[in-house]
Amino acid sequence: MARCVTLNLELHRVIAHVAQEDRDKHDDGERDRHDADEHDHDHDHDHDAGEDEGDENREGEDDDDADDDDDDDGEQDDERGEEQGANVAQAGGWQRGDEDREGDGGDDDGEQDEERGEERGANAPQEGGRQRGDDDNEGHDDEEQDVEQDDEDEEDEEEEESERFASRDGEIEWSSTTYHPHRPGPRRRRRAEYEEDEEQQLDDGDDGNDQDQDQDQDQRDRDQDERHDQDERQQQDPARRATAPQSPGPTEYAATRVRDILSAFELFVTRHIQEIVVTATNIEGLRKCGNGWKLMDATDLRGYIGLLLLAGVYRSRNEALESLWHEESGRAIFRATMPLKRFHAFSRLLRFDDRETRAARRAADKLAAIRDVWDAWVRRLPRLYNPGPDVTVDEQLVPFRGRCSFRQYMPSKPARYGLKSWVACDAASSYAWNMQMYTGKSASGGPERNLGARVVLDVTKGLRGPRNVTCDNFFTSYELARRLLIERRLTVVGTMRKNKPELPRALLNTKGRALFSSRFAFTPTVTLVSYVPKRHKNVLLLSTLHTGKARVRATRDAKPDIILHYNSTKGGVDNLDKLVGTYSCRRKTTRWPLAVFHNILDVSAYNAFVLWRELRPQWMRGKLYRRRVFLEQLGRALVTPLIERRSRLPRTEASAALVKALTSRAAAAREHREGVDDDDNDDDVEPTAPRVASKRKRCQLCPKTKDRKTYTACGACKRYICGRCTRLNCAECVRGL
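Residues numbered from 1 in each chain as written. Predicted model: local features only at pLDDT ≥ 70, side-chain atom pairs only at ≥ 80, totals over all residues. Heavy atoms only, no water.

S.K.: Let's hear about helix α25 (residues 626-644): which residues, and what values?
M.R.: Taking 1.5 Å per residue as the helical rise, α25 with its 19 residues ought to reach 27 Å, and the 27 Å between its terminal C-alpha atoms agrees with that figure. A maximum bend of about 30 degrees is found in α25 at Leu638, where proline Pro641 lies one to four positions downstream. (Helix = DSSP H or I, 4+ residues; strand = E, 2+ residues; numbered from the N terminus. Expected span 1.5 Å × (residues − 1). Bend = angle between axes of the 7 residues up to and from the residue.)

Structure (structure tokens):
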């Protein structure tokens, strides 16, 4: 655009020079040599002053000469038009139009300039009168006419400079000029003060062009009405109103339920999900081991998950389990939680569905082995967090090399082989807002058409604008951008593949283009840019967010704003993969459902950390290792209940000491809870059971040398008693006392 403006200015200077020479010849033919020299000298002096200052008003030079009055006023009008921003080429065209009327002839542009010259010549006496202060009203009307003439000239220039080209499929017409929402086309500018004159000009213009623009305007009006109707339905429907854009960050539902680190994690891996896993694992354990299987409960499952997370924190996911449970070099918390044999059994028999009914379900669903857990987990993700203004949609590959019908090979990924899933996450925090597993081709066996558009529509379901979706060239298309903008008020910024039929050929060609050059194409709602980062190589980006002026950064590489926005928001999912992989709990396995479950735990732990960090911004502020501390505390909180209920101590001293410390702390906590009467509302039973007092005092039954402090008081005599002096009795025994 800057190069075009420079060329236009040079062209205008050349035309102005030619026009000046024409005016000099015309003046030489009508005046004698003495008057002509004097007039040329005065005219050059005024013209130079007008170019240097630009704001000085000029007056008539020769008021006494009646024969030259019209010419002087015309020249003053010409100079005044230059001061107001009119093109010098039009002034030259007016002078050439005067010569054409004298018999020299001209082309179509000369005839148009001749008409403008006649109009200005007719109004010249009025303008001269305005300069002399004789008629203010006529001068005001002439100023409005000059403004209208300038606007018409600018519109003609835009129409001449605009380049229109069609897409390769011929269905989309692109323009090289920026679309202005308040001016549908270069020949239709809506001005409130000159509305009647503009309508008259439109009626005299090209009917075909006006009809196309009217259709475009009608389509935009219909789209706007449709969005307005959707907004009204959303306000009336409570379910839709719940999905309206809110402040970014944790939802109110999550904020009221996050009390500690463990509660933040269990918002994702809920009790319902744990029950599904426990039930399916016990069914498989009884089928494989029979009566030798010790039933798993929720505490066992949480302890197993905690050990997986701790192994990831200690960067021991690829370390042999025997080394983690080693008596000398191992970590004490692993032996204190459960025996190695028990951990092996859980890893081998962990299941997520009933194996007996899986065959019937797998015929219609390839994800049947973990479908219940996956769906229950995915439904929790958008309920707990509101993404910010930018959302990233990309693919994630879970490393896996075992047998699986929908295992993917992606050479660009570090793992290359694995299970692919589509992820929509917040571009700023990398919170995984929605996910979808890719299970390969459909049951019919044919490839799915428009897979990328379908995926973006699925993972952004429930997301409402104003927000922007950033995606790569696998997903981006013109139709997807249009649907998201109309149906959900979501804008799109993404790269485009060069084989897309909606692209114009003019943006694909790189021959003769300079390095770091950009070329734009516009429709009323979409912007395309072709940028040349290297010689003979260009990148294409589509945006419905950047629909205004084509802005380019004023640096050496001259990158457009579209590319800068894409680079700043494209890494949401990639950053999630990097953070999850740093402390991943994945273990080597040949069963793909277990690999998916490990990824569920990793993503849940990171999402819980995002919630905790934003709800507790002062927690370890500025520390670079606070995520590792968060995961370590989470793992310890998960294994603690299992350690506290152990009946046998481990053989190693460190593990035994850890079990004793946690057991004694649990006993002290139970002491405060003992003595609570569960039958407070039973009127038939006398309140002889011990009650919790409000103050902490020494036990009145033990010797003073023991100095046992307690909160518990006897329900009958009101004396303070410790746990050793307390006996619990049922309601029937209390009646017999």
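After presenting the structure, the write-up continues.
S.K.: Account for the pairing of strand β8 (residues 432-437), naming residues and giving values.
M.R.: Of all the six residues making up β8, five are buried; the element is thus mostly covered by neighbouring parts of the structure. Of the pairings in the sheet, the one linking strand β7 (residues 417-426) to β8 comprises five bridges and is antiparallel in character. Bridge pairing in β8 places Trp422 opposite Gln436. Where β7 folds back onto β8 in an antiparallel hairpin, the turn is made up of five residues, including Ser430, whose phi is positive at roughly 65 degrees. (Buried < 20%, exposed > 50% of the residue type's maximum accessible area, 1.4 Å probe, protein only. Pairing = 2+ DSSP bridges.)

S.K.: Explain unusual backbone geometry to me, and be specific about the residues and the numbers.
M.R.: Cis geometry is found at the peptide bond from Gly465 to Pro466, where omega equals 5 degrees. Position of Pro466 relative to the elements: it lies in the loop between α19 (451-459) and β9 (467-471). Located in the positive-phi region is His536, a residue other than glycine, with phi close to 65 degrees. Position of His536 among the secondary structure elements: in the loop between β12 (527-534) and β13 (537-543). His536 sits in the exposed class, given a relative accessible area of 63%.

S.K.: Tell me about the side chain of Lys413, and please be specific about residues and values.
M.R.: When you line up the elements, Lys413 lands in the loop between β6 (408-409) and β7. No salt bridge is formed by the buried Lys413; the nearest opposite charge belongs to Asp574, separated by 4.3 Å. (Lys, Arg positive; Asp, Glu negative; His and termini not counted. Salt bridge = Lys/Arg side-chain N within 4 Å of Asp/Glu carboxyl O.)

S.K.: So what about helix α12 (residues 271-289)? Which residues, and what values?
M.R.: Relative to the 27 Å expected for 19 residues at 1.5 Å per residue, α12 spans 26 Å between its end C-alpha atoms, a close match to the ideal helical length. Restricting attention to buried positions, one finds in α12 the residues Ile273, Gln274, Ile276, Val277, Val278, Ala280, Thr281, Asn282, Glu284 and Gly285. Buried-residue contacts for α12 involve α11 (261-266), α13 (298-313), α16 (340-349), α18 (371-380) and α24 (592-615). Trailing α12 by a residue or two, Gly290 shows a phi angle of about 70 degrees, which is positive. (Contact = heavy atoms within 4.5 Å.)

S.K.: Before we move on, could you go through the pattern of salt bridges and cite the residues and values that matter?
M.R.: Within this structure, the stated rule accounts for 23 salt bridges. Residue Arg482 pairs with Glu479 through a salt bridge whose shortest N-O separation is 2.7 Å. Here the residue Arg482 and the residue Glu479 both occupy positions in helix α20 (residues 478-487), the gap between them amounting to three residues, near one helical turn. With a relative accessible area of 34%, Arg482 lands in the partly exposed category. Taking the relative accessible area as the measure of exposure, Glu479 reaches 40% and is therefore partly exposed. Residue Arg553 pairs with Asp557 through a salt bridge whose shortest N-O separation is 2.9 Å. Asp557 sits in the buried class, given a relative accessible area of 16%. One salt-bridge network, held together by shared partners, links Glu284, Arg287, Lys288, Arg351, Asp354, Arg355 and Glu356.

S.K.: Give a description of the packing of aromatic side chains that names residues and reports values.
M.R.: What characterises a pair of aromatic rings is the spacing of the ring centres plus the angle enclosed by the ring planes. Under the defined criterion, the tally for this structure stands at 22 aromatic pairs. Ring geometry for Trp374 versus Trp377: centroids 5.5 Å apart, planes at 55 degrees, classification tilted. Taken together, the residues span about one helical turn, with Trp374 and Trp377 both in helix α18 at a distance of three residues. Since its relative accessible area comes to 0%, Trp377 is described here as buried. Look at Trp422 and Phe475: their rings are 5.7 Å apart centre to centre, the planes differ by 85 degrees, and that puts the pair in the edge-to-face class. Of this pair, Trp422 sits in strand β7 while Phe475 sits in the loop between β9 and α20, placing them 53 residues apart in sequence. Across the pair, Phe475 and Trp422 agree in class, each one buried. Through successive ring pairs, a cluster of aromatic residues spans Trp293, Tyr304, Tyr314, Trp325, Phe334, Phe343 and Phe346. Note that Arg331 overlies the ring of Tyr314, its terminal NZ or CZ placed 3.7 Å from the centroid. Between the NZ or CZ atom of Arg342 and the centre of the ring of Trp293, over which it lies, the distance is 5.5 Å. (Phe/Tyr/Trp six-rings, centres within 6.5 Å; stacked < 30°, edge-to-face > 60°. Lys NZ or Arg CZ within 6 Å of the ring centre and 35° of its normal.)

S.K.: Help me get a handle on the pairing of β12, residues and values and all.
M.R.: Where burial is concerned, most of β12 is hidden: six out of the eight residues are buried. As paired elements, strand β11 (residues 518-522) and β12 share five bridges and run antiparallel to each other. Across the sheet, the residue bridging to Phe522 is Thr527, located in β12. Between β11 and the antiparallel strand that follows it, β12, lie four residues. Pairing analysis gives six bridges linking β12 to β13, with the strands arranged antiparallel. Across the sheet, Lys534 pairs through a bridge with Lys537, a residue of β13. From the end of β12 to the start of β13, which pair antiparallel, there are two residues, and His536 there has a positive phi angle of about 65 degrees.

S.K.: Outline the state of the cysteines, listing residues and values.
M.R.: Evaluated as defined, the whole model comprises zero disulfides. Between Cys699, a free cysteine, and Cys702, which holds the nearest cysteine sulfur, the sulfur-to-sulfur gap is 3.6 Å. (Disulfide = S-S within 2.5 Å.)

S.K.: Could you give me a rundown of the nonpolar core, with the residues and numbers involved?
M.R.: Among the nonpolar cores identified, the biggest contains 123 residues, and Phe265, Trp377 and Trp592 are the most heavily contacted of them. Tallying contributions element by element places α24 first for this core, with 15 residues. Core analysis: the second largest hydrophobic core is formed by eleven residues, Phe516, Phe520, Phe522 and Ile562 among them. (Core = buried A, V, L, I, M, F, W, Y, C linked by side-chain atoms within 4.5 Å.)

S.K.: Talk me through the confidence of the model for the protein; I want residue IDs and the actual numbers.
M.R.: When the pLDDT values of the protein are averaged, the result is 75; 64% of them are 70 or greater. Note on residues 179-199: pLDDT under 50 across the span, and 42 contacts to partners over four residues away in sequence or across chains. (pLDDT = per-residue confidence, 0-100.)

S.K.: Outline the side chain of Thr470, supporting the account with residue identities and numerical values.
M.R.: Within the element layout of this structure, Thr470 appears in strand β9. The class of Thr470 is buried, set by a relative accessible area of 1%. Polar side-chain contacts of Thr470 include one of 2.8 Å to the side chain of Thr569. Not counting the four nearest positions on each side in its chain, Thr470 is found in contact with Val391, Thr392, Val393, Val493, His565, Tyr566, Thr569 and Lys570. (Polar contact = N/O pair within 3.5 Å; in protein donor to acceptor, adjacent residues only side chain to side chain.)

S.K.: Run through the packing of α13 against α25, naming residues and quoting values.
M.R.: As a packed pair, α13 and α25 sit with axes 7 Å apart at the nearest point and diverge in direction by 150 degrees. Of the possible angle classes, the one that applies to α13 and α25 is roughly antiparallel. Along this stretch, α13 crosses α25, giving a crossing that reads as left-handed. Contact residues: α13 offers Thr299, Asp300, Arg302, Gly303, Ile305, Gly306, Leu307, Leu309, Leu310 and Val313, while α25 offers Arg628, Leu631, Glu632, Leu634, Gly635, Arg636, Leu638, Val639, Pro641 and Leu642. Of the residues belonging to the contact of α13 with α25, the class tally is eleven nonpolar, four polar and five charged. (Axes fitted to C-alpha atoms, helices over the stretch in contact; angles between N-to-C directions. Parallel < 35°, antiparallel > 145°, perpendicular 65-115°, else oblique. Left-handed = near helix turned anticlockwise from the far one by under 90°. Nonpolar A, V, L, I, M, F, W, Y, C, P; charged D, E, K, R; others polar.)

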